[in-house]
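Breakdown of the fold
As a plain string of letters, each chain reads:
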Amino acid sequence: MKIGGSNLNLIALGLVVSGILVGCTGGNTSNGTGNNVAAAEPDTWDGTEAIKIGCVTSISGDNKPWGTDQLEGCKLALNEFNKAGGLDGKKVGMVEGDTASKPDQAKLAAEKVLSQGVVGIVGEVSSGNTIQIANSAKAKGVPVVAVGATRTDLTKDSPHVFRVCYTDAFQGPVMATFAFEKLHIKKMAILTDNFLPYSQGLSDSFREKFKALGGTIVADEKYESGGKGLPDYQGVLTNIAKMNPEGLFLSGYFTEVGPITKQARANGIKATFLGGDGWDSDTILTSAGDAILGGFFCNHYNNLDTSPEVQGFLTKWRAKHGGSDPSTTMGALGYDAMSLTLDALKRAKTKDSKGLLDAVEDTTGFKGVSGEITLKGNHGNPPKKAIVVEVTKKNGANWQKFAVSYTPDQIK
Amino acid sequence: MTTLSALPLASVDFTTLPQQLVNGFLLGAIYALVALGYTMVYGVLKLINFAHGEVFMLGSYGALFTSWMLGFGPGGNEALTGSWVTLVIMLFGSMLVSGTAGFLIERFAYRPIRNHPRIASLITAIGLSLLLQYGGQIFLLQGGKQAINSKVNPYADDLTFNLVKPDQKLAAEAATYQKRVDDAQVAKDKQFEHEPDRFNPSPLGVSLEKTLNELKEKQSDITNKANLTAVTLKIPKGKLIMLTAILGLMCSLWYLVMKTRMGRAMRAVSVDFNAASLMGINLNTVITFTFILGSTLAGAGAMMYSTFQAAPIDSFSGAAPGVKAFVAAVLGGIGNIPGAVLGALVMGIAENLVTWSGYSSYRDAIAFVILIGVLLFRPGGILGSNKVEKV
């Protein structure tokens, strides 16, 4: 009896302490978009619909800035679809699953939404988590439309996996070409996060292209962001600083890239920082300080794009989020993935997983916010353009300055 | 520089060896603070406190929130810079949070089951560790990893020691390029002010850029050659202060354990739990004191790790340093105070040597390889044996 009582005391105390801590800090942590969602308009579904789609993403954990944006993007698309008449007059529902930004929990989240009978799954924002979701969905033949998972071999041997973003086999060469041709960098160092399948794949494709163009990789170092690895970069940065590279390619996520760039400058590395779409969150500005300014990374679209798709999407987003733009690109990609799935559902011959899978596979020239998406004959990997943006000081919501855009034909 | 041609990236560069040894020593010093907590608790209770890594994590949050209260939080005053007072307040903040956490853990989780079989305490320790990791996900900040604002540390600049000066001839040659590079840079910048798109410049811009890049490349080639002949040691001033603080803490610990009544009681308890009790030593007081002491040291380590190493903080960030420090404690001989410090330094240096040799992907594996190696030949750890007085 005593044990139980004591543990309860401990938990109660924990609640009080953390309540105080959260209370202290609640006012100034608005780094997600979830905080200013207008509560006025309820969602158009309640979970009792016959046809439901799963939205599995990182609603908590490290990748929360991406996950909440995907969720909001999906909600926006589904509300729009249901208001426009739904599926032959019937509303379509959505089931949320939280992966907590971790592969093991991604599996549980996928199984949770699958057990509720969803016909398709939209998600995830990271490749490591999408692999788990795809494995769970495979047995039931449920199609998975990935939002921001760029790892190249994700769709290989998995005919039920699709994505609305480009792949690392494209993104890496884009950055290599940009660094070599536009920034005139000849000597490059690479720092890979060995914990992320995404980072490994991206570094590989970057390294290969940069060498093929005639550049040299003067240092190729690794760190580990999760598991038993320790976030200590001093050793690898000493090695890199000695080689005095002109560019440093950081293929990890914003959570680590921020502190790394800060430490790299402290170690006397003067190189230009380059990275992939894993940098895309404005929290990188706070964790890196001024070190990250002038760095370049690859992204999917830019809020300043004047095309009707982008501006139309932003108008709808702002109307729902009190005038603010999505802080990461996952808002638009989440919206694209959900709209594409719903568009396919409309075209599907049978309104089940099999019909949906065939219809998604058949998608041609779908006009998304992040560009035109054609999945037919592409094995789940749509050929899309990529843009390179420069990190600048935050000016309103915008902190990415458009630099160059590349189409798949330009990178061969 | 020697390069093994069969392994193109596994290059060993002896000019960076001194720097890597220093990096390893500084990292090892932080491990040592955490390892001391494991070893002291084991000394008195024969319990491996697996929640010690989470005490470390709470200490990092203590430092983070203290820095926020001092005005270094998100949205704080940009012009604010820290001083040594800031650092000391943060150190005390994190030590206070960790010490309190250690006290509460002992009082409410371990004390009620102290007389039960030891396996119960062990499972409780693991359970507590998980509770704090995942509970922290809910209650501590949910916006992902946090980092302490680097402005709290005013001692970011380096002390540079030129152990071997760069080749004079090459250095002089590199210097002759400086003026030409500067001139070319000015010419290019002037032209690029009028260019609408810096990535698609006009023919004049292209040629100016080309001249600049060629000059820069020649200069950097020579500079690199010169650098490869030099051996320099850069130590941030902040880390020297950190090291001094760690040494100070260790001296006070030594004084506490060896020269005070409480220290004598701790040593007595570690020799024989029951006999110490019969001699009139209040076991509860001694054990509580040990937990607070060990946790406070972990808190100090956490503050230094998150401030001077700029390590990101989340509720799992204590797990990795915890495991490393535990391995260090076992390596040095668990229960032995100097052993924990020695083990930690060995670990820190070994890890950086692995990185130095070019195999940075195996860095974290080395900890366990060393552990297995040492335990095969010295099961008690480097300094551990039954005859050594344990605390």
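These numbers come from a predicted model, not from an experiment.

Further remarks concern the nonpolar core. Phe178(A) and Leu274(A) are the most contacted members of the largest nonpolar core, which totals 103 residues. Residue contributions to this core peak at ten residues, all from helix H11 (residues 330–347) of chain A. For this core, the two domains that each supply at least three residues are domain 1 (49–166 + 306–381) and domain 2 (169–299 + 388–410) of chain A. If near-sequence neighbours (up to four positions away) are discounted, Phe178(A) is found in contact with Leu183(A), Leu274(A), Phe296(A), Val388(A), Ala403(A), Val404(A), Tyr406(A) and Phe199(B).

Our focus in this paragraph is the interface of chain B and chain A. Every contact between the two is made by 62 residues of chain B and, on the other side, 58 residues of chain A. Carbon and sulfur atoms make up 55% of the area that chain B and chain A hide from each other, which totals about 5200 Å². If you sort the residues of chain B by the area they bury against chain A, Phe108(B), Phe139(B) and Phe199(B) come out on top, with a joint share of 13%. The partner of Asp221(B) in a salt bridge is Lys187(A), and the shortest N-O contact between them spans 3.3 Å. At the boundary of chain B with chain A, the tally comes to 16 residue pairs in polar contact (both at pLDDT 80 or more). Those elements giving two or more residues to the side of chain B that touches chain A turn out to be helix H1 (17–45), helix H2 (52–72), helix H3 (84–110), helix H4 (118–139), helix H6 (203–228), helix H11 (319–332), helix H12 (337–356) and helix H13 (363–377) of chain B. Considering each element in turn, the side of chain B that touches chain A owes the most residues, eight residues, to H6(B). Its residues assigned to classes, the side of chain B that touches chain A shows 28 nonpolar, 21 polar and 13 charged.

Turning our attention to the domain arrangement of chain A. All names here are of chain A. Under the domain assignment used here, chain A contains domain 1 (49–166 + 306–381) and domain 2 (169–299 + 388–410). Every contact between the two is made by 16 residues of domain 1 and, on the other side, 19 residues of domain 2. Taking both partners together, domain 1 and domain 2 bury about 1500 Å²; carbon and sulfur atoms supply 57% of that area. Its largest share of buried area at the contact with domain 2, domain 1 owes to Trp66, Arg151 and Tyr166, together 41% of the area lost on that side. At the junction of domain 1 and domain 2, the tally comes to five residue pairs in polar contact (both at pLDDT 80 or more). Elements supplying a minimum of two residues to the side of domain 1 that touches domain 2: helix H2 (64–83) and helix H4 (127–138). Looking at side-chain class alone, the side of domain 1 that touches domain 2 contains three nonpolar, ten polar and three charged residues.

Take the sheet that holds strand S13 (residues 386–395) of chain A next. All names here are of chain A. Spatial ordering of the open sheet is given by S7-S6-S8-S9-S10-S13-S14, a layout of seven strands whose pairing is mixed. The strands lining the two open edges of the sheet, one partner per strand, are strand S7 (216–223) and strand S14 (398–406). Taking each pair of neighbouring strands and ignoring which way they run, the sheet shows an average axis angle of 25°. Bridge analysis of strand S8 (residues 247–250) against strand S9 (residues 272–275) gives four bridges, and the strand direction is parallel. In the strand pairing of S9, glycine 247 is matched with threonine 272. Here helix H5 (residues 168–182) sits on the sheet and contacts strand S6 (187–193), S8, S9, strand S10 (296–299), S13 and S14; the angle it forms with S14, its principal contact strand, is near 90°.

The next point concerns unusual backbone geometry. Residue and element names in this part refer to chain A. Note that the residue after glycine 123, namely glutamate 124, is joined by a cis bond; omega there is 10°. For glutamate 124, the location among the structural elements is in the loop between strand S3 (120–122) and H4. Phi at histidine 184 takes a positive value of approximately 60°, unusual for a residue other than glycine. Relative to the helices and strands, histidine 184 resides in the loop between H5 and S6. On the accessibility criterion, histidine 184 (25% relative accessible area) is partly exposed.

Residue and element names in this part refer to chain A. Taken together, the five strands give an open sheet; going across it, the order is S2-S1-S3-S4-S5, and neighbouring strands pair in parallel fashion. Taken across any chain shown, the strands that pair with only one partner, and hence form the sheet edges, are strand S2 (93–98) and strand S5 (161–163). Strand-to-strand, the axes of this sheet are offset by a mean angle of 25°, without reference to chain direction. Sheet topology note: the strand S1 (residues 52–57)/S2 ladder contains six bridges and is parallel. When the sheet's bridge partners are listed, valine 56 is paired in S2 with glycine 97.

Residue and element names in this part refer to chain B. The N-to-C vectors of H1 and H2 enclose an angle of 140°; their axes lie 10 Å apart at closest approach. Overall, the two elements H1 and H2 adopt an arrangement that is oblique. As for how H1 packs across H2, the hand of that crossing is right-handed. On the side of H1, the interface is formed by Val34, Gly37 and Tyr38, while H2 contributes His52, Gly53 and Phe56. Split into classes, the residues belonging to the contact of H1 with H2 amount to three nonpolar, three polar and no charged.

Take H1(B) next. Taking 1.5 Å per residue, 29 residues should reach 42 Å; H1(B) reaches 41 Å between its end C-alpha atoms and fits that length. Of all 29 residues in H1(B), 25 are buried; the element is thus mostly enclosed.

Applying the stated criterion to the full structure yields 26 salt bridges over all chains. Taking the shortest distance from any N to any O, the salt bridge between Asp290(A) and Lys393(A) comes out at 3.3 Å. You can see Asp290(A) sitting in the loop between helix H9 (283–288) and S10 and its partner Lys393(A) sitting in strand S13, a full 103 residues away along the chain. A salt bridge links Arg363(B) to Asp364(B), with the shortest nitrogen-to-oxygen separation between them at 3.7 Å. As far as the burial class goes, Arg363(B) and Asp364(B) line up, both buried. Taken together, the shared-partner salt bridges connect Asp204(A), Arg207(A), Asp220(A) and Lys222(A) into one network.

All names here are of chain A. With seven of seven residues buried, S6 is to be regarded as a mostly interior element. Because side chains alternate across S6, one face comprises the buried residues Lys187, Ala189, Leu191 and Asp193, and the other comprises Met188, Ile190 and Thr192, equally buried. Bridge count between S6 and S7: seven bridges; the pairing is parallel. Residue threonine 192 lies in a different strand from S7, and its bridge partner there is lysine 222. Bridge count between S6 and S8: four bridges; the pairing is parallel. Its bridge partner being in S8, leucine 191 is matched across the sheet by leucine 250.

Moving on: helix H8 (residues 254–266) of chain A. At 3.6 residues per turn, the α-helix brings residues three or four places apart onto the same side. Residues and elements named next belong to chain A. Here H8 is 13 residues long and its end C-alpha atoms lie 18 Å apart, about the 18 Å a rise of 1.5 Å per residue gives. Of the positions making up H8, those classed as buried are Phe254, Thr255, Glu256, Val257, Gly258, Pro259, Ile260, Thr261, Lys262, Gln263 and Ala264. Just past H8, the residue glycine 268 takes up positive phi, approximately 80°.

Each value, and the rule that gives it
- Residues numbered from 1 in each chain as written.
- Chains lettered and ligands numbered in written order.
- Predicted model: local features only at pLDDT ≥ 70, side-chain atom pairs only at ≥ 80, totals over all residues.
- Heavy atoms only, no water.
- Core = buried A, V, L, I, M, F, W, Y, C linked by side-chain atoms within 4.5 Å.
- Buried < 20%, exposed > 50% of the residue type's maximum accessible area, 1.4 Å probe, protein only.
- Helix = DSSP H or I, 4+ residues; strand = E, 2+ residues; numbered from the N terminus.
- Domains from an automatic or database assignment.
- Contact = heavy atoms within 4.5 Å.
- Buried area = accessible area lost by both parts, 1.4 Å probe.
- Salt bridge = Lys/Arg side-chain N within 4 Å of Asp/Glu carboxyl O.
- Polar contact = N/O pair within 3.5 Å; in protein donor to acceptor, adjacent residues only side chain to side chain.
- Nonpolar A, V, L, I, M, F, W, Y, C, P; charged D, E, K, R; others polar.
- Pairing = 2+ DSSP bridges.
- Axes fitted to C-alpha atoms, helices over the stretch in contact; angles between N-to-C directions.
- Parallel < 35°, antiparallel > 145°, perpendicular 65-115°, else oblique.
- Left-handed = near helix turned anticlockwise from the far one by under 90°.
- Expected span 1.5 Å × (residues − 1).

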